[in-house]
Amino acid sequence: MNFDLTDEQQAVRATAQQFTDREVVHRAKQNDRDEHFDTELVALMAKQGYLGATVSRDYGGAGLDYVTYGVMIEEIGRGCSAMRTVISVQTSLVCSTIERWGSEDQKQRYLPRLCSGEWLGCFGLTEPDTGSDAANQKTRAVKTAEGWSISGGKMWISLGNHAKLALIFAQTDPSLGHRGLACFLVETDTPGFSTVEIHHKMGLRGSDTAELVLDSVEVPDNALLGNVGDGFKVAMTALDTGRYSVAAGCVGVCQGSLDASVSYAKQREQFGKPIAAFQLVQAMLAEIKVSTEAARLLTLRAGDLKDKGRPSTVETSIAKWYSTEAAVRCANTAIQVHGGSGYVDDHPVERFLRDVRVTTLYEGTSQIQQLIIGRDLTGINALVPPSN
Ligand code: COS
């Protein structure tokens, strides 16, 4: 067992660390205040090779392994979860999924544009009435002479208003259940496709969130990603890598909470000495530190399995569940260390908490991760009624 990063992995971390400190941190507060989706910063991240980071160089990606991707994402997450979400969606949910399931033509057409940031993509799985029960898609795709006609709605879709390409999951035959699902690559300028911006979010105000409306959107046969019936597996494999990236981003939030708390505790004085000298404050710092380390190790273990091509769904759920909950805890404890100062945005910790709160919900709630772990332990799928 080797816990050391390679020289190349350390170099990618150092570059991402500098990039975050130079470009991300100082914009995060204002973008949050203004609910501004910072496309300039997205373009800078694209230039760094962060959008499409794991995609092969043959298609314009950076060709990073998963451990390296994880440490890069952690650094961006330390600065701003809204920008980390952009990388998670673009690289993991969209690009990796096209690379894994796409035809050569689809990969050639879309991946270079997505990896370069010329186009953004989004992942249209969740619907107003379909969240955890992802197989129960209400969006319908009906076969036509020329291709498919898709109608329905998608909800809480990150990057949805800016995306030029949407992965849309739809039911082709309700009698087949999850085996009737299909995934389509829909270019968002197709007639019948529209979006509605979602505002007033608790956090991630610097990220773009949309409702998607599809009103008889006509797409050709070659818009199918994989085959008819593959849709559910396409979604699950996308989430296997998406959840890893969320876990890694949350390690960054834990680390950011730790850095801010140690620094504040050393300079803030009460009772004639820095509050860092009080054991109860040190206990809070120790709690954040241990959670950060545990989250990092669980996450990198999942990344290592992915790099070795071994099954990692359960380990990814363990990492996602632990890291997202740890990040909420760490950010909350960091506010406690900061006292009243932590309740306003002079310090990043209140934004950390608001931003990270969604991570125990999106890409599968904490309860869904527990269910995946529980069914692996017991061999019992709690979602299937017992047969007599
Ligand atoms: N990779 C590949 N295939 C997978 C898979 C994975 N990680 N997980 C499941 N599958 C396959 C199964 O092997 C099964 O295949 P067959 O049809 O050949 O039997 C099929 O998919 C159905 O799997 P399963 O029976 O496990 O599906 P369930 O309906 O019981 O539910 C959960 C699976 C709950 C895990 C799934 O619905 C889920 O992850 N829900 C949360 C959705 C989510 O994260 N939403 C957020 C959207 S993005 S913000």
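Residues numbered from 1 in each chain as written. Predicted model: local features only at pLDDT ≥ 70, side-chain atom pairs only at ≥ 80, totals over all residues. Heavy atoms only, no water.

1. Some details on the domain arrangement of the protein
Reasoning step 1: The domain boundaries assigned to the protein delineate domain 1 (7-119), domain 2 (122-229) and domain 3 (233-378).
Reasoning step 2: The gap between the C-alpha centroids of domain 1 and domain 2 is 23 Å.
Reasoning step 3: The partner domain 2 presents 22 residues to the 25 residues of domain 1 that form the contact.
Reasoning step 4: Carbon and sulfur atoms supply 69% of the area that domain 1 and domain 2 bury against each other, a total of about 2000 Å² over both sides.
Reasoning step 5: Its salt-bridge partner being Glu-187, residue Arg-109 comes within 2.7 Å of it at the nearest N-O pair.
Reasoning step 6: If you look at where domain 1 meets domain 2, you find five residue pairs in polar contact (both at pLDDT 80 or more).
Reasoning step 7: Mapped by element, the contributors of at least two residues to the side of domain 1 that touches domain 2 are helix H1 (7-34), helix H4 (81-101) and helix H5 (104-115).
Reasoning step 8: Here the side of domain 1 that touches domain 2 is built from residues that sort into 12 nonpolar, nine polar and four charged. (Domains from an automatic or database assignment. Contact = heavy atoms within 4.5 Å. Buried area = accessible area lost by both parts, 1.4 Å probe. Salt bridge = Lys/Arg side-chain N within 4 Å of Asp/Glu carboxyl O. Polar contact = N/O pair within 3.5 Å; in protein donor to acceptor, adjacent residues only side chain to side chain. Helix = DSSP H or I, 4+ residues; strand = E, 2+ residues; numbered from the N terminus. Nonpolar A, V, L, I, M, F, W, Y, C, P; charged D, E, K, R; others polar.)

2. A word on the layout of surface pockets
One way to see where empty space is left: roll a probe the size of a water molecule over the atoms.
Reasoning step 1: The space that makes up the largest pocket amounts to roughly 1300 Å³.
Reasoning step 2: Along its surface, the largest pocket is lined by 43 residues, and Thr-126, Gly-131, Leu-361, Glu-363 and Gly-364 are the ones closest to its centre.
Reasoning step 3: For the second largest pocket, the calculated volume is near 490 Å³.
Reasoning step 4: Residue lining of the second largest pocket: 16 residues in total, with Asn-2, Phe-3, Leu-300, Arg-301 and Asp-304 positioned closest to the centre. (1 Å grid on protein atoms, 1.4 Å probe; cavity = no way out; pocket = protein on both sides within 12 Å on 5 of 7 lines; lining within 4 Å. Points joined across faces, edges and corners; volume = space filled by probe spheres on them.)

3. Digging into unusual backbone geometry
Reasoning step 1: Residue Glu-35 is not a glycine yet carries a positive backbone phi of 50°.
Reasoning step 2: Structurally, Glu-35 is set in the loop between H1 and helix H2 (39-47).
Reasoning step 3: We classify Glu-35 as partly exposed; its relative accessible area is 31%. (Buried < 20%, exposed > 50% of the residue type's maximum accessible area, 1.4 Å probe, protein only.)

4. What about the nonpolar core?
Reasoning step 1: Met-72 and Phe-184 are the most contacted members of the largest nonpolar core, which totals 101 residues.
Reasoning step 2: In terms of residues, this core owes the most to one element, helix H6 (residues 231-267), which gives 13 residues.
Reasoning step 3: Not counting residues within four places of it along the chain, the set of residues in contact with Phe-184 comprises Ala-141, Trp-148, Ile-150, Ala-166, Leu-167, Ile-168, Ala-170, Val-219, Ala-223, Leu-224 and Leu-225. (Core = buried A, V, L, I, M, F, W, Y, C linked by side-chain atoms within 4.5 Å.)

5. Section: H4
Reasoning step 1: Taking 1.5 Å of rise per residue, 21 residues should cover 30 Å, and H4 covers 28 Å from first to last C-alpha, within 8% of that figure.
Reasoning step 2: At Cys-95, H4 is bent by approximately 30°, the largest bend along its length.
Reasoning step 3: By the criterion of burial, H4 is predominantly enclosed, with 18 of the 21 residues buried. (Expected span 1.5 Å × (residues − 1). Bend = angle between axes of the 7 residues up to and from the residue.)

6. Here we look at the pattern of salt bridges
Reasoning step 1: Under the definition given, this model contains 19 salt bridges.
Reasoning step 2: The partner of Lys-154 in a salt bridge is Glu-127, and the shortest N-O contact between them spans 2.9 Å. Remark: Glu-127 occurs in the loop between strand E1 (121-124) and strand E2 (140-143) and Lys-154 occurs in strand E3 (residues 147-158); sequence separation between them is 27 residues.
Reasoning step 3: Among the residues examined, Lys-154 registers a relative accessible area of 0% and is labelled buried.
Reasoning step 4: Of the residues examined, Glu-127 reaches a relative accessible area of 4% and is grouped as buried.

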